[in-house]
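Examining the three-dimensional arrangement
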Amino acid sequence: MTSYVALLRGINVGGKNKVPMQTLRELLTGLDCTDVRTHLQSGNAVFGHPRADPAELATSLEARITEELGLTIRCLVRDGAGLRRVVDRNPFDMEGIDPSRFLVTFLSAPPDQERLSAIDPAAYAPEEFRLADPKTPTEIYTHLPDGIHKARLALLFTDKKLGVTATARNWNTVLKLTAMATE
């Protein structure tokens, strides 16, 4: 049985796309997931499943949400080992960085390199971003020292701007989900 983490994009924000965590747990259980646990109210779930394809699990969960709730919600799924690699490959040393002002944006696929290379990092200072794997990035690490709500750089790492599904979690949440998925 492999441990997975589901990251749902854009639920329970501003009263839109409401998905209670109990309902999310029930939907995952209906997909033959075991030991389903959720974290916070923003669409984070950890579960076990014998299937080995995270993309297939994401597609199944998206379909189930549409079928049961009538919502179109994009989902990303990472296995526990993959999430551990996200933590281990963090290109920031984190010294002096407030983890609540540090995001990991998870991507469904590597975006077009031209979209990323068109970003002038100097134009967003003191905000900064880095990729753990510049050739095939599926995560973008972003330090937002003035806070997420005032961030200009984070607005560039969206589905519309990157052309792939993107959902972000702060570093505290990434660490908690990693601990849950690898315990």
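Before reading on, note that the structure itself is shown above.
Residues numbered from 1 in each chain as written. Predicted model: local features only at pLDDT ≥ 70, side-chain atom pairs only at ≥ 80, totals over all residues. Heavy atoms only, no water.

A few points about the nonpolar core
As a rule of thumb, nonpolar side chains are buried together in soluble globular proteins. Counting residues in each nonpolar core, the largest one holds 22 residues, and the members touching the most others are L8, L24, L28, F47, L61 and I65. Of all the elements in the fold, those that place two or more residues in this core are β1 (2–8), α1 (21–30), β3 (44–49), α2 (54–69) and β4 (75–79). The residues touching F47, leaving out its near neighbours within four places in the chain, are T2, S3, Y4, V5, A6, L28, C33, T34, D35, V36, L57 and V77. Membership of the second largest hydrophobic core comes to 19 residues, among which are V46, V86, V174 and L177. (Core = buried A, V, L, I, M, F, W, Y, C linked by side-chain atoms within 4.5 Å. Buried < 20%, exposed > 50% of the residue type's maximum accessible area, 1.4 Å probe, protein only. Helix = DSSP H or I, 4+ residues; strand = E, 2+ residues; numbered from the N terminus. Contact = heavy atoms within 4.5 Å.)

Quick look at the side chain of T165
With respect to the secondary-structure elements, T165 resides in the loop between α5 (159–162) and β8 (166–170). One polar contact links T165 to R74, side chain to side chain, over a distance of 3.0 Å. In contact with T165, not counting residues within four places along its chain, are R9, R74, L76, F106, L107, S108 and D159. (Polar contact = N/O pair within 3.5 Å; in protein donor to acceptor, adjacent residues only side chain to side chain.)

Here's the deal with helix α3 (residues 80–88)
Of the residues making up α3, those classed as buried are G80, G82, L83, V86 and V87. When α3 is viewed along its axis, its buried side chains cluster within an angular range of 160 degrees and face the same direction. Against β1, β4, β5 (102–107), β7 (139–143) and α6 (171–182) lie the buried residues of α3. Its side-chain oxygen at 3.2 Å from the backbone nitrogen of A81, D79 defines the N-terminal cap of α3. (Arc of directions from axis to C-beta.)

A word on unusual backbone geometry
Residue P126 is bonded to the preceding A125 through a cis peptide linkage, with omega at 10 degrees. In this fold, P126 is placed in the loop between α4 (113–117) and β6 (128–131). The backbone of L40 sits at a positive phi, close to 60 degrees, despite the residue not being glycine. Looking at the element boundaries, L40 is found in the loop between β2 (34–39) and β3.

Remarks on the sheet that holds β8
If you walk across this open sheet you meet the four strands as β6-β7-β5-β8, and the pairing is antiparallel. Each of the sheet's edge strands pairs with one partner strand only, and the pair in question is β6 and β8. Here the strands of the sheet are splayed against their neighbours by 25 degrees on average, with no regard to which way each runs. The sheet contact formed by β5 and β8 spans five bridges and is antiparallel. (Pairing = 2+ DSSP bridges. Axes fitted to C-alpha atoms, helices over the stretch in contact; angles between N-to-C directions.)

Any link to function would need more than the numbers given here.
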